[in-house]
Amino acid sequence: MMKLATMKMLLCSSLLVISVAAQAEGDAAKGKKNTVMCVGCHGIDGYRTAFPKVYNVPKIGGQHPAYLVQALQAYKTGARSHPSMWGIAQHLSKQDMEDLAAYYAGK
Amino acid sequence: MKSFLITVFSGMFLLISGQSLAGDIEAGKKKAAEVCAACHGLDGNSPNPAFPKLAGQYETYLEKTLIAYKTGERENAIMGSMAAALSKEDIENLSVYFSSQSGLATKK
């Protein structure tokens, strides 16, 4: 009996893992069409912010897609604070984020 | 005139030497192996998709981010405690080390 319950749990958790992985799949071609909001800063090599601190805008090409989605969601909710990224993330759905992430993650 | 020139040249020399002291790649690599490698990979190409790649990231961005974690401006349970243990010098060394590795790129 115990064994059966364990098996069920294993099965459920593996299904969950599979569905999460499937959900994280974005469409890179769709993402590319949405980069108009990104390229002004992230598409210019060596681009720096001017205010309030001066630093290079991070490179996102080749980054893990799951991390990019996580970052965009955190900007959207305000958990990660950045005025420009907050504004941009407001207009992105989860699917938009996954598509953008798939595009930027690719070589 | 002569003392003016000496002042200008020593000022320039100080500037140049000051810049080269900004970060020590070897010291950064050593620190990275101790603190960062388990999650971000030794060269910053993290094997786990939940943790960002740092390899090739801009030095100024890495430095700014570590300082933000250290001060609590950016909140994260794991990185908050990691950065709390880093000195300003560690942060400079780590930033120059990871930025010198190859990985991330600017994509148009």
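Heads up: the structure comes first, above all this text.
Values in this document were obtained by computation on a predicted structure and should not be read as measured data.

Draft legend 1. Here's a closer look at the overall build of chain B. Along chain B, the regular secondary structure elements total 6 helices and 0 strands. Here chain B, with 108 residues, has 35% of them falling under the buried criterion. Considering only residue pairs separated by 6 or more positions, chain B has 67% of its internal contacts joining residues 24 or more positions apart.

Draft legend 2. Representation of the interface of chain A and chain B within the structure. Across the boundary between the two partners, chain A contributes 16 residues, which contact 18 residues of chain B. Its residues assigned to classes, the side of chain A that touches chain B shows 6 nonpolar, 6 polar and 4 charged.

Draft legend 3. Summary view of the packing of helix α4 (residues 59-71) of chain B against helix α6 (residues 88-100) of chain B. Residue and element names in this part refer to chain B. The geometry of α4 relative to α6 is characterised by a closest axis approach of 8 Å and an angle of 140 degrees between their N-to-C directions. In terms of their interaxial angle, α4 and α6 are classed as oblique. Viewed along their axes, α4 and α6 form a crossing whose handedness is right-handed. Contacts between α4 and α6 involve E59, L62, E63, L66 and I67 on the former and, on the latter, I91, E92, L94, S95, V96, F98 and S99. Class assignment for the residues of the contact of α4 with α6 results in 7 nonpolar, 2 polar and 3 charged.

Draft legend 4. Layout of the environment of G43 of chain A. Examined against the element boundaries, G43 of chain A turns out to sit in the loop between α3 (39-42) and α4 (65-77). G43 of chain A sits in the partly exposed class, given 16 other C-beta atoms within 10 Å. Each C-alpha atom of the pair G43 of chain A and G61 of chain A lies 9.2 Å from the other, and the pair is 18 residues apart in sequence. Not counting chain neighbours up to four residues away, the residues in contact with G43 of chain A comprise C38 of chain A together with T106 and K108 of chain B.

Draft legend 5. A look at the packing of helix α2 (residues 25-35) of chain B against α6 of chain B. All names here are of chain B. At their nearest, the axes of α2 and α6 sit 7 Å apart, and the two run at 95 degrees to each other. Judged by the inter-axis angle, α2 sits roughly perpendicular to α6. Where α2 abuts α6, its residues I25, A27, G28, K29, K31 and A32 lie against D90, N93, L94, V96, Y97, F98 and S100. Split by residue class, the contact of α2 with α6 holds 7 nonpolar, 3 polar and 3 charged.

Draft legend 6. Spotlight on the environment of V96 of chain B. Residue and element names in this part refer to chain B. Looking at where V96 falls in the secondary structure, it is placed in helix α6. Between the C-alpha atoms of V96 and G41, which are 55 residues apart in sequence, the distance is 16 Å. Apart from residues no more than four positions distant in its own chain, V96 is found in contact with A22, G23, I25, G28 and E59.

Analysis parameters
- Residues numbered from 1 in each chain as written.
- Chains lettered and ligands numbered in written order.
- Predicted model: local features only at pLDDT ≥ 70, side-chain atom pairs only at ≥ 80, totals over all residues.
- Helix = DSSP H or I, 4+ residues; strand = E, 2+ residues; numbered from the N terminus.
- Buried ≥ 20, exposed ≤ 12 C-beta atoms within 10 Å, placed from the backbone.
- Contact = placed C-beta atoms within 7 Å.
- Nonpolar A, V, L, I, M, F, W, Y, C, P; charged D, E, K, R; others polar.
- Axes fitted to C-alpha atoms, helices over the stretch in contact; angles between N-to-C directions.
- Parallel < 35°, antiparallel > 145°, perpendicular 65-115°, else oblique.
- Left-handed = near helix turned anticlockwise from the far one by under 90°.

Fair warning: the whole summary comes from geometry, so function is off the table for now.
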